[in-house]
Amino acid sequence: MYSLLNRINTRLHLFMTVPAALLYGIFFIYPLIQGIGISMTDSNGVTEPNFIGLQNFIEFFNDDRAKGALMNTIYFAVGSAPLLNIFGLAYALFLDQNIRGRTFIRTIVYMPAVISPLIMGYIWYFIMQPQRGFLYHVLESMHLGFLNGNWLADSSTALNVIIMVNVWQFVGMTMIIYLAGLQGIPGELYEASKIDGAGYLARLRYVTIPMLYPAIKINVVTNIIGSLAVFEIIMAMTEGGPGYATESMSIFIMRMMYGSFTGYSTAVALIMFVVIVIPVFIFLRATKSKEMEM
Amino acid sequence: MTRFMMYMTFISLLFFGIVGCSEGNSTNSTSDNDSEGGEDVENQEDVSLKLFTGKVETVDLMDELIADFESANPNIQVEQEYANDASNVMKVKFASGDVPDITTVITQDYMDQDRYIDLSDESYWDRILPSIKELNTDIKTGNTFSVATNVTMAGIFYNKEIFAELGLEEAQTWDEFVSNLETIKEEKPDVTPLFLPGKEVWSLGHLVEFMAHGEIKQELGISDSRKAFIENEKEKLGFSDPEGPMAIFAERLMELQDKGLINEDALTASYDNQKDAFVTGNAAMISQGMWVMGELLDIDPEVAGRIGFSPYPPLKEGSKPVVLSAEDSKYAITSASEHPEEAKKFLEFLMKDENVKKYSEAIKSPPSFTDVDADWGPIKDETNAVLESAVNIQFTDWPSGFSGDDNGRMVQELLAGKYDGSDLTEFAQEYAETWNKAWESTQ
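Everything numeric in this text was worked out from a predicted model, so none of it was measured.

Rules of the game
Residues numbered from 1 in each chain as written. Chains lettered and ligands numbered in written order. Predicted model: local features only at pLDDT ≥ 70, side-chain atom pairs only at ≥ 80, totals over all residues. Heavy atoms only, no water. Helix = DSSP H or I, 4+ residues; strand = E, 2+ residues; numbered from the N terminus. Rg over C-alpha atoms; globule rule 2.2 N^0.38 Å. Buried < 20%, exposed > 50% of the residue type's maximum accessible area, 1.4 Å probe, protein only. Contact = heavy atoms within 4.5 Å. Areas by Shrake-Rupley, 256 points an atom, 1.4 Å probe, with all protein chains shown as cover. Lys, Arg positive; Asp, Glu negative; His and termini not counted. Charge placed at Lys NZ, Arg CZ, Asp CG, Glu CD. Domains from an automatic or database assignment. Buried area = accessible area lost by both parts, 1.4 Å probe. Salt bridge = Lys/Arg side-chain N within 4 Å of Asp/Glu carboxyl O. Polar contact = N/O pair within 3.5 Å; in protein donor to acceptor, adjacent residues only side chain to side chain. Nonpolar A, V, L, I, M, F, W, Y, C, P; charged D, E, K, R; others polar. Patch = residues over 30% accessible without salt bridge, like charges linked within 9 Å, V, L, I, M, F, W, Y side chains within 5 Å. 1 Å grid on protein atoms, 1.4 Å probe; cavity = no way out; pocket = protein on both sides within 12 Å on 5 of 7 lines; lining within 4 Å. Points joined across faces, edges and corners; volume = space filled by probe spheres on them. Phe/Tyr/Trp six-rings, centres within 6.5 Å; stacked < 30°, edge-to-face > 60°. Axes fitted to C-alpha atoms, helices over the stretch in contact; angles between N-to-C directions. Parallel < 35°, antiparallel > 145°, perpendicular 65-115°, else oblique.

Asks: Can you break down the overall build of chain A residue by residue, with the values?
Replies: Helix and strand content of chain A: 14 helices and zero strands. For chain A, the C-alpha radius of gyration of 24 Å lies well beyond 19 Å, the compact-globule estimate for 294 residues. Here the C-alpha coordinates of chain A stretch approximately 85 × 70 × 30 Å along the principal axes. Here chain A holds 294 residues, and 41% of them are scored as buried. The contacts of chain A with a sequence gap of at least 6 include a subset with a gap of at least 24, amounting to 68%. As displayed, chain A has an accessible area near 16200 Å², and 70% of this comes from carbon and sulfur atoms. For chain A, the distance from the average position of its 16 positive side-chain charges to the average position of its 16 negative side-chain charges is 11 Å.

Asks: Give me the domain arrangement of chain B: which residues, what numbers.
Replies: Residues and elements named next belong to chain B. Examined at the domain level, chain B breaks down into domain 1 (47-150 + 328-363) and domain 2 (152-326 + 381-441). Each of domain 1 and domain 2 was reduced to a C-alpha centroid, and the two centroids are 29 Å apart. In this complex, domain 1 contributes 10 residues to the contact, which on the side of domain 2 involves 11 residues. Where domain 1 abuts domain 2, roughly 1000 Å² becomes buried across the two surfaces, and 57% of that area is made up of carbon and sulfur atoms. The largest contributions to the domain 1 side of the interface with domain 2 come from Glu134, Leu135 and Ile139, which together make up 49% of the buried area. Taken together, the links from domain 1 to domain 2 amount to zero salt bridges. Applying the counting criterion to the domain 1 and domain 2 interface returns four residue pairs in polar contact (both at pLDDT 80 or more). Going through the elements one at a time, helix H4 (108-112) and helix H5 (130-135) are the ones with two or more residues in the side of domain 1 that touches domain 2. Among the elements that line the side of domain 1 that touches domain 2, the one with the most residues is H5, at three residues. Partitioning the side of domain 1 that touches domain 2 into residue classes produces three nonpolar, three polar and four charged.

Asks: Break down the interface of chain B and chain A for me, citing the residues and quoting the values.
Replies: Contact with chain B, which involves 35 residues of that partner, is made by 37 residues of chain A. Here chain B packs against chain A, burying approximately 3100 Å² in sum over the two surfaces, 57% of which is carbon and sulfur. Linking chain B with chain A are four salt bridges, by the criterion used here. Taking the shortest distance from any N to any O, the salt bridge between B:Lys437 and A:Glu59 comes out at 3.3 Å.

Asks: Tell me about a nonpolar patch on the surface, residues and numbers included.
Replies: All names here are of chain A. A cluster of nonpolar residues, Tyr24, Phe28, Ile29, Ile33, Phe273, Val274, Val277, Ile278, Phe281 and Ile282, forms a patch on the protein surface that exposes about 930 Å² of accessible area. Listing elements by their share of the nonpolar patch, those giving two or more residues are helix H2 (18-39) and helix H14 (262-293). With six residues, H14 is the largest single contributor of residues to the nonpolar patch. Here Ile278 lies in helix H14.

Asks: Tell me about the pattern of salt bridges, residues and numbers included.
Replies: Between side chains of opposite charge, a pair can form as their charged atoms come close. Under the defined criterion, the tally for this structure stands at 34 salt bridges over all chains. A salt bridge links B:Lys199 to A:Glu239; its shortest N-O distance comes to 3.8 Å. Separated into two different chains, B:Lys199 in the loop between strand S5 (192-195) and helix H8 (201-230) and A:Glu239 in the loop between helix H12 (232-237) and helix H13 (249-258) make up a pair that spans both. The partner of B:Asp406 in a salt bridge is B:Arg409, and the shortest N-O contact between them spans 3.2 Å. In this pair, B:Asp406 and B:Arg409 both sit in helix H16 (residues 404-415), three residues apart, roughly one turn of the helix. Here B:Asp406 matches B:Arg409 in class, with each residue buried. Overlapping salt bridges bring together B:Lys50, B:Glu81, B:Lys93 and B:Asp98 as one network.

Asks: Tell me about empty space enclosed by the protein, residues and numbers included.
Replies: Residues and elements named next belong to chain B. This structure, assessed with the given rule, holds five cavities of 30 Å³ or more. If you add up the space inside the largest cavity, you get close to 90 Å³. Only helix H7 (174-187), H8 and helix H10 (245-258) provide two or more residues apiece to the lining of the largest cavity. The leading source of residues in the lining of the largest cavity is H10, at four residues. Residues that form the lining of the largest cavity fall into these classes: 11 nonpolar, one polar and one charged.

Asks: Tell me about the packing of aromatic side chains, and please be specific about residues and values.
Replies: Residues and elements named next belong to chain B. Going through the model one piece at a time under the given rule, you end up with 25 aromatic pairs over all chains. Between the aromatic rings of Phe229 and Trp435, the centroid separation amounts to 5.9 Å while the plane-to-plane angle is 50°, which identifies the pairing as tilted. Of this pair, Phe229 sits in helix H8 while Trp435 sits in helix H17 (residues 425-441), and the two are 206 residues apart along the sequence. Trp435 shares its class with Phe229; the two are buried.

Asks: Before we move on, can you summarise the packing of helix H5 (residues 102-110) of chain A against helix H8 (residues 158-183) of chain A with the specific residues and values?
Replies: Residues and elements named next belong to chain A. Running from N to C, H5 and H8 point in directions that differ by 140°, and their axes come no closer than 7 Å. The orientation of H5 relative to H8 falls into the category oblique. Between H5 and H8, the contacting residues are Arg106, Val109 and Tyr110 on the first element and Val171, Gly172, Met173, Met175, Ile176, Leu179 and Gln183 on the second. Residues belonging to the contact of H5 with H8 are distributed by class as follows: seven nonpolar, two polar and one charged.

Asks: Residues and numbers for the side chain of B:Thr334, please.
Replies: Residue and element names in this part refer to chain B. Along the chain, Thr334 falls in the loop between strand S8 (322-333) and helix H13 (340-350). Taking the relative accessible area as the measure of exposure, Thr334 reaches 1% and is therefore buried. A distance of 2.6 Å separates the side chain of Thr334 from the backbone oxygen of Pro100, its partner in a polar contact. Ignoring anything within four residues of it in the chain, the contact list for Thr334 reads Met90, Phe94, Val99, Pro100, Asp101, Thr103, Arg115, Tyr116 and Ile117.

Laid out in structure tokens, this is it:
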């Protein structure tokens, strides 16, 4: 009897994971395995699919539109994720000080993050419309009309504008996580470093940044994943246009999925999964060694 | 021992919870089976039909018609479901087995897969325009899988006051069309000669569908051009031909852009911007279909007296102007329906002359029924004149992987300067490749 009780006791933690494991299996592992299967077929979503091996994956590397979507996604992530972290950290450092109205400023900075990216995209689309948008009239009234342009119609500027809007919207989210991290740093560390003669920059480098590694890790990983999976804000502002100039991987997958290329879109989704996992994995490995040093 | 009891209680709760759920399911299934069994025995039991539509503008109106139908047929309930992206949602419905009885989503692929039932023997065909019946007939089987209550048209809407003031006539050739636009630009610099809502890819796609494809439809006629599109007869379509419809279309559109005859924000302007510009007199011409009429009148009812309607100018020399005259508000009954007779009864109800009249007047679209006299809009007489003078063309039968939206995105690329202005055959080549790839994916 004692042995049975002991066994239940030691196995209980495994038993407790069953509900979570079941949900994970049903909603992640099973669809993933199904997806791998579909990606190796010519499925169009309706008729009986045929097995075609790795042809869809090979097709991806010969498809200019798909490669364009991949490049747009990487460009967006490379532009967005660092800016979100730089500005988020800057805001956090600034608003962690004893300044008047800091709660109000924090609220203002964070507020856009609670609005749906789709709605925010539409708001910025209306703001930036040439000849009838808010920004156009503001610049005209300030005699700065020469700065006006149709940035969302220009293939070379449209994605940059979307990156700026995305950073503006989500910088508050990044800031909050950094602020939480900053408030968890013991004051004694700063006092000790001051006694040792460290200036502001030295304290930032040798105390603040190392102590913020957990927050940096959360922010960088979530920003990379969020940026690589970008969808709504692009749909609202340009719908991936002009043409395919701002089409992201997510949008491409959705359009292929509904355009009779179900097998191909599933293959691209798996490629996207790898594209997201690689930078996240590299970053986690890199920060793990830094945390170990601490 | 206390801990042991706690574990046992937890495991028991979990076990009975699972068993309880499973019993709940089995009870439900039994109840469902009973219900179906009962249905077989008692045919008079209630029947529930599902109507799946992608037409947002008719949802409320359809609810009214459904209420009338249900009061006349108390044993049949009709549940309407609307989806914005109906064609894609329908694909999911077919794939998942959640198939509605009646749908407005009708494509050649689904006809090829026997997804609809044949409506050829229904009684209402004698009352429908022969051209509309032809458009509803599957060219491969000769069966009629859908029925349309209305006719829709698309062409150039123009501001009659501006035309009268500048002494302009409706264009019969491309040169006349450009000349009209140039006159407007010179005489009225604040007015956009032709306003394109380029953010809406469906609207740019219509330029391809009606102007570029219009040349093919005009040359081959309705039946042969439908066959050419459906069976991808490359020689007849001539998409990649340097002197074919796509290359000429690209050249003509670039001419309008280079001469500043379209709005500067043609790539980012929305459908709402286009309607506002037209109603306020800031745009002299727009390319649209009859579906825009109700919305223009909602913005300003007085615009009715200023609206003129003309066909699309021909792109090629020697061709005639074209106007879209196609079936609108189409319905099909799915072959997966368990209640086809009740579904047919509902369609017959929709086809009653008083219901067609009510529907036509509400959506401001002409009926396809010869015995229905509906007062559907303020430009009724003008559109009739255009239908008589211009070549009537139909919607394009797209391969399902290359929609009108995809066409619009290619036009966006064209306007954004992706293709070298001096050699627009690259656009035509790319168009042909994209079309062929999409067509092959569905074979």
